[in-house]
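Structure assessment
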Amino acid sequence: MEISLLTVGKTGIPYIKEGISEYLKRLRRFLPYEIIELPDARKGRLSETEQKEAEADLILKNLNDNDHVVLLDEKGREYTSREFAALLERLMSSGRKRTVFVVGGPYGFSQRVYDRGNALMSLSKMTFNHEMVRLFFTEQIYRGVSILHGLPYHHD
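Predicted model only: the values in this text are computed from it and were never measured.

1. Some remarks on the sheet that holds strand β4 (residues 98-103)
Taken together, the five strands give an open sheet; going across it, the order is β2-β1-β4-β3-β5, and neighbouring strands pair in parallel fashion. A strand with exactly one partner marks an edge of an open sheet, and here the two such strands are β2 (33-38) and β5 (119-122). For this sheet the average axis-to-axis angle between neighbouring strands, irrespective of direction, equals 35 degrees. Relative to β4, strand β1 (residues 2-8) runs parallel, the two being bridged by six bridges. The residue of β4 that forms the bridge with Thr-7 is Val-103. In the packing of helix α2 (residues 48-61) onto the sheet, contacts are made with β1, β2 and β4, and the angle to β1 comes to roughly 160 degrees.

Take a look at the structure:
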């Protein structure tokens, strides 16, 4: 199974890019994982609703009909690292070709994206900027895979 992290906007902070790069290197030996960065929809003066709709167009164009789509959203379910590893294992065993985790823009998702999503997941009750989420989520994918492979990375 392939895992994709679909994000709105680009990451320009060097230390975040370095951290993501480190976990991408570690993940390569376990599973295909990619981060897809969509262009920022904040060009011009858009209302919050217009921006969410412009982002929805970009997000939905990058999803396949058979993708399992998990929206990273503050209203989603929170997981411990072990629970997340178990979720990854279930997804990998499901026969699905690709699971896509989606990070929306600063105002969240439009209803069209919520309608397309199969599940909601929250990384924390706290709010993180979208660039940090990419690093945290990529690390959690690595942590989950390391748990599944019995590596000494995660400690309870």
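2. Here we look at α2
End to end, α2 covers 20 Å across 14 residues, agreeing with the expected 20 Å (1.5 Å per residue, within 8%). Residues of α2 that are buried: Gln-51, Lys-52, Glu-55, Ala-56 and Ile-59. What you see down the axis of α2 is that its buried residues fit within an arc of 140 degrees, all on one side. On the buried face of α2, the contacting elements are β1, β2, β4 and α4 (111-116).

3. Notes on the packing of helix α3 (residues 81-93) against helix α5 (residues 130-148)
Where α3 meets α5, the closest approach of the two axes is 8 Å, and the angle between their N-to-C directions is 75 degrees. When the interaxial angle is binned, α3 and α5 end up roughly perpendicular. Here α3 contributes Ser-81, Arg-82, Phe-84, Ala-85, Leu-88, Glu-89 and Met-92 to the contact with α5, which in turn contributes Phe-137, Gln-140, Ile-141, Arg-143, Gly-144, Val-145, Ile-147 and Leu-148. A breakdown of the residues in the contact of α3 with α5 according to their chemical character gives nine nonpolar, three polar and three charged.

4. Observations concerning the nonpolar core
Ranked by size, the top nonpolar core spans 23 residues in total, and within it Tyr-33, Leu-72, Phe-84, Phe-101, Phe-137 and Ile-141 carry the most contacts. Among the elements of the structure, β1, α1 (14-27), β3 (68-78), α3, β4 and α5 are those that each provide at least two residues to this core. Looking at this core element by element, the count peaks at six residues for α5. Beyond its immediate stretch of four places on either side in the chain, Tyr-33 contacts Ile-3, Leu-5, Leu-24, Leu-27, Phe-137, Thr-138 and Ile-141. By size, the runner-up hydrophobic cluster in this structure holds 13 residues, among which are Leu-38, Ala-56, Leu-71 and Phe-109.

5. Side note on the packing of aromatic side chains
Taken as a whole and assessed by the stated rule, the structure comprises eight aromatic pairs. Measuring from ring centre to ring centre gives 4.9 Å for Tyr-142 and Tyr-153, while their planes differ by 75 degrees; the resulting arrangement is edge-to-face. Taken together, the positions of Tyr-142 in helix α5 and Tyr-153 in the segment after α5 put the pair 11 residues apart, joining distant regions of the chain. Taking the relative accessible area as the measure of exposure, Tyr-142 reaches 8% and is therefore buried. Feature note: the residues Tyr-79, Phe-84, Phe-101 and Phe-137 constitute an aromatic cluster, connected by ring pairs. Against the face of Tyr-142 rests Arg-26, its NZ or CZ located 5.4 Å from the ring centre.

6. Structural notes on the packing of α1 against α5
Running from N to C, α1 and α5 point in directions that differ by 20 degrees, and their axes come no closer than 9 Å. Looking at the two axes, α1 sits roughly parallel to α5. Here α1 runs over α5; the crossing is left-handed. Judged by residue contacts, Tyr-15, Ile-16, Gly-19, Ile-20, Tyr-23, Leu-24, Arg-26 and Leu-27 of α1 engage Glu-131, Met-132, Arg-134, Leu-135, Thr-138, Glu-139, Ile-141, Tyr-142 and Val-145 from α5. Taken together, the residues of the contact of α1 with α5 sort by class into 11 nonpolar, two polar and four charged.

Quick notes on the rules
Each chain has its residues counted from 1, running along the sequence as written. Per-residue local features are limited, in this predicted model, to residues with pLDDT of at least 70; the limit for side-chain atom pairs, both in listing and counting, is 80 or more; totals at the level of whole chains, interfaces and linings are taken over all residues. With hydrogens and water stripped out, all remaining heavy atoms of the structure feed into the side-chain values. Strands are labelled as partners when DSSP assigns at least two bridges between them. To qualify as a helix, a DSSP run of H or I must reach at least 4 residues; to qualify as a strand, a run of E must reach at least 2; elements of each kind are numbered from the N terminus. Orientation is described by lines fitted to C-alpha atoms, with helices fitted over the stretch in contact, and by angles between N-to-C directions that extend from 0 to 180 degrees. Here, two residues are considered to be in contact whenever any of their heavy atoms come within 4.5 Å of each other. In this scheme, a helix's expected span is set at 1.5 Å multiplied by one less than its residue total. Classification of residues uses two cut-offs on accessible area relative to the type maximum, computed with a 1.4 Å probe and protein chains only: under 20% is buried, over 50% is exposed, and between them is partly exposed. To be clear, the arc concerns the directions from the helix axis to the C-beta atoms. Between 65 and 115 degrees an angle is taken as roughly perpendicular, under 35 as roughly parallel, over 145 as roughly antiparallel, and anywhere else as oblique. The nonpolar class holds Ala, Val, Leu, Ile, Met, Phe, Trp, Tyr, Cys and Pro. Asp, Glu, Lys and Arg form the charged class, and all remaining residues, Gly among them, are polar. We define the nonpolar core as a collection of buried residues of types Ala, Val, Leu, Ile, Met, Phe, Trp, Tyr and Cys that are connected through side-chain atoms lying within 4.5 Å of one another. Two rings from Phe, Tyr or Trp (for Trp, the six-membered ring) form a pair when their centres are within 6.5 Å of each other. A pair whose planes differ by under 30 degrees is stacked, one over 60 is edge-to-face, and the rest are tilted. Throughout this description, the term charge over a ring refers to an Arg CZ or Lys NZ atom that lies within 6 Å of the ring centre and within 35 degrees of the ring normal. Crossings are assigned a handedness: left-handed for a near helix turned anticlockwise from the far helix by less than a right angle, right-handed for a clockwise turn.

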